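Listed below are the residues making up each chain.
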Amino acid sequence: MLKVALTKGRIEKKVTTMLEKLGYDVTSMINKNRELQINVEDKMEIIFAKSNDVVTFIEHGIVDIGIVGSDTLLENSFKNYYELLDLEIGKCSFAVCSYPEYKNIKLNRRKRIATKYPNVAKKYFESKDEDVEIIKLEGSVELGPVVGLTDAIVDIVETGATLRANGLEVIEKITDVSTRLICNKTKFKYKKEEILNLIDLIENNNR
Ligand code: PRP
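Residues numbered from 1 in each chain as written. Predicted model: local features only at pLDDT ≥ 70, side-chain atom pairs only at ≥ 80, totals over all residues. Heavy atoms only, no water.

(A) Molecular detail of the packing of aromatic side chains. One pass over the structure, following the stated rule, counts 3 aromatic pairs. A ring pair is formed by Phe94 and Tyr117, whose centres lie 4.8 Å apart and whose planes are at 75°; its orientation type is edge-to-face. Linking Phe94 in strand 6 (residues 92-98) with Tyr117 in the loop between strand 7 (112-115) and helix 5 (118-127), this pair joins segments that are 23 residues apart in sequence. Overall, the relative accessible area of 0% leaves Phe94 in the buried class. For Tyr117, a relative accessible area of 10% corresponds to the buried category. Residues Tyr124 and Phe125 carry aromatic rings whose centres are separated by 5.1 Å and whose planes lie at 75° to one another, so their mutual orientation is edge-to-face. Taking relative accessible area as the criterion, Tyr124 reaches 11% and is therefore assigned buried. Across from the ring centre of Phe48, 4.2 Å away, lies the NZ or CZ of Lys32, which sits over that ring. (Phe/Tyr/Trp six-rings, centres within 6.5 Å; stacked < 30°, edge-to-face > 60°. Helix = DSSP H or I, 4+ residues; strand = E, 2+ residues; numbered from the N terminus. Buried < 20%, exposed > 50% of the residue type's maximum accessible area, 1.4 Å probe, protein only. Lys NZ or Arg CZ within 6 Å of the ring centre and 35° of its normal.)

Quick look at the structure:
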């Protein structure tokens, strides 16, 4: 039985569909209410967690594999894991977004940038030799420019609907983001066959 930590929310829904396509009986995932841990047949024991916690459970050897967005991996300096596969689901990108006027603004102060991903934002602006002030928000980052707190945001853009609904647009794409399958380094040694079989199944059936 493989122990899996799965990121709750959007990724969870996409992974449920993926596992169903692979032939797993996902009734327990679909019928889950507030349970945090369920079994998929006698093949997987899945825990549902916030993205950063998925990696924490991997790093502490609580689970064998984790399913998490590359945004989380890029933002944090986690080390004790192998990234085994790009699941090519949950595709989106990191981008600098603002009002169309942002491109032409000239300020006599540092630009202010709201983000849930301060490390990604810092690295990006450093790579452009731009000295900006980064303000961390926990969610609905688009509020930064909407309420006048910041000039722009660094955030995930999937469909662009949230940006459009708030009069914002992508100014510059930073990098692609997608869902990754990661593994605890030690567990990989002990469960190599089971893990590689799952990867084969995904690669042969889901592409
Ligand atoms: C994410 C992201 C954007 C939105 C982008 O937020 O931070 O707000 O999704 O998706 P879209 O391009 O399809 O509109 P999420 O819904 O995860 O919630 P949050 O803003 O509270 O973090």
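(B) View of the pairing of strand 3 (residues 44-49). Of all the 6 residues making up strand 3, 6 are buried; the element is thus mostly covered by neighbouring parts of the structure. Residue alternation in strand 3 divides its side chains into two sets, Met44, Ile46 and Phe48 and Glu45, Ile47 and Ala49, and both sets are buried. Linkage of strand 2 (residues 37-40) to strand 3, two consecutive antiparallel strands, is achieved through a turn of 3 residues, within which Glu41 is found at a positive phi near 45°. (Pairing = 2+ DSSP bridges.)

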